[in-house]
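Structural characterization, general
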Amino acid sequence: MKKLALHWKILLGMLFGVVFGVIANSLGWNDWVTDWVKPFGTIFINSLKLIAVPLIIASLIKGISDLKDISKLSQMGGRTIGIYILTTVFAVSLGLLVVNVLQPGKSISEETRQQLQDTYKEDADKRIVQAAGQKEQGPLQALEDLVPSNIFAAASNNGNMLQVIFFVIFFGIGLILIPAEQAKPVKDFFDGLNEVVLKLIDLIMLAAPYGVFALLASLVVESPSADLFIALLWYAFSVLMGLGLLTFVLYPTLVKVFTGKSPKFFFNGIAPAQLLAFSTSSSAATLPVTMERVQEHLGVEEEVASFVLPIGATVNMDGTSLYQAVAAVFIAQAFNIDLSFSAQLGIIATATLASIGSAAVPGAGMVMLVIVLGQAGIPEAGLALIFAIDRPLDMCRTITNVTGDATVSMLVAKSVDKLGEPNVKDWDDNYGK
Ligand code: ASP
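Notes on the structure follow. (Residues numbered from 1 in each chain as written. Predicted model: local features only at pLDDT ≥ 70, side-chain atom pairs only at ≥ 80, totals over all residues. Heavy atoms only, no water.)

Every one of the 15 residues lining the ligand counts as a neighbour, but S283, T320, G365, D394 and R397 are closest to it. Between the ligand and the protein, one listed contact pairs a nitrogen atom with a backbone N or O atom of S281 at 2.8 Å. Interatomic distance of 2.3 Å between a side-chain N/O atom of S283 and an oxygen atom of the ligand. Residue assignment for the shell around the ligand shows that the elements contributing at least two residues are α18 (364–376) and α20 (390–415). Of all the elements, α20 adds the most residues to the shell around the ligand, at four residues. Counted by class, the shell around the ligand contains five nonpolar, eight polar and two charged residues. (Near = heavy atom within 4 Å. Polar contact = N/O pair within 3.5 Å; in protein donor to acceptor, adjacent residues only side chain to side chain. Helix = DSSP H or I, 4+ residues; strand = E, 2+ residues; numbered from the N terminus. Nonpolar A, V, L, I, M, F, W, Y, C, P; charged D, E, K, R; others polar.)

With that out of the way, let us pick up the packing of helix α4 (residues 70–102) against helix α17 (residues 341–357). Between α4 and α17, the least distance of the axes is 9 Å, while the angle of their chain directions is 130°. Considering their axes alone, α4 and α17 lie oblique with respect to each other. Judged by the twist between their axes, the crossing of α4 over α17 is right-handed. On α17, the residues that touch T88, V89, V92, S93, L96 and N100 of α4 are Q344, I347, I348, A351, T352 and S355. Considering only residue class, the contact of α4 with α17 consists of six nonpolar, six polar and no charged. (Axes fitted to C-alpha atoms, helices over the stretch in contact; angles between N-to-C directions. Parallel < 35°, antiparallel > 145°, perpendicular 65-115°, else oblique. Left-handed = near helix turned anticlockwise from the far one by under 90°. Contact = heavy atoms within 4.5 Å.)

See the structure below:
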């Protein structure tokens, strides 16, 4: 029997998860699902996160030492950061365009606004407190945070991914600079470690369809009632339209124009990572799968993928920045605040920075949205308006974040002549194509 492709299996897992969640909800089995199904989703996410730090260490050291000279590294670094910033600024501008044309905030009645504010005040306040900590930091704090004082402490917390990346790049530079015969045993060790980690990802992915089933079933039984969703449909539509334009128009076009690869090739390669991004709402948890798909299915060589993708997962969030722009203007519209042109330009700057500062975990974009609102003079309490529908939108914006990273990895790879043919290793044997 022909094996089903991995993305179809994951999709089926998601579908069954939602159907099961809806049935459980109607039978009042919510607690049972939370007690007996949800833990399997958490175990699945944890196993993906578990592999993230070893993966970054092994593949980035291997990748950098394969580059053999530092000028290539700085060339790649410059291009990566440059393209990341350009795509993010484009995403925010697109978000502003969509929200100004569709004006979703004008369709919210005074009564609904009040109802939403009352219902979600507490949740919104929590995010505002979380964001307050970030706001008090000095302008160079982000730079200061990049350099860890202890690599083991940094590697013990997935939130410190950038610190680990910093150390590993530094280590890789040292490895390039020492004589080749001394570097060889170190390099061989990390090459081997890298293969082991990739194999572990293969094994974890065997469980993906069951993991996403558990994640979606528990999400459905825990989601708030649907009534208030309706009031937010127009806002959700605006965010989704922007995300859709980025994911299905901008990225495949960039890939086609700069690498000549077709949209079908691109989406076939990246689909499982997109589905996981949707199910987990976390670019960090999805990273191991994004790396494997991009290398084995999109033909990006490891030197590039191992450099561009971990950095992208933490700093390049086009979906998040677009959402922050739409949400900020939506809240302003709902409160009848007219935003001047210069206030909107300010949103481009703050949403770009806020998305860079957002952690790659569920809901992080909303915490950083508080800062965008504060800068633009929009009431932070407005967060309550968008709370009900934030999780589904988070799931969707994470797809865009991950797809954006994959796109940039292809563009950078092409520009440094490191885009080859797909090199499918284990997937065919284990999962079907
Ligand atoms: N969940 C998003 C991510 O991990 C971040 C966010 O927008 O909340 O990419």
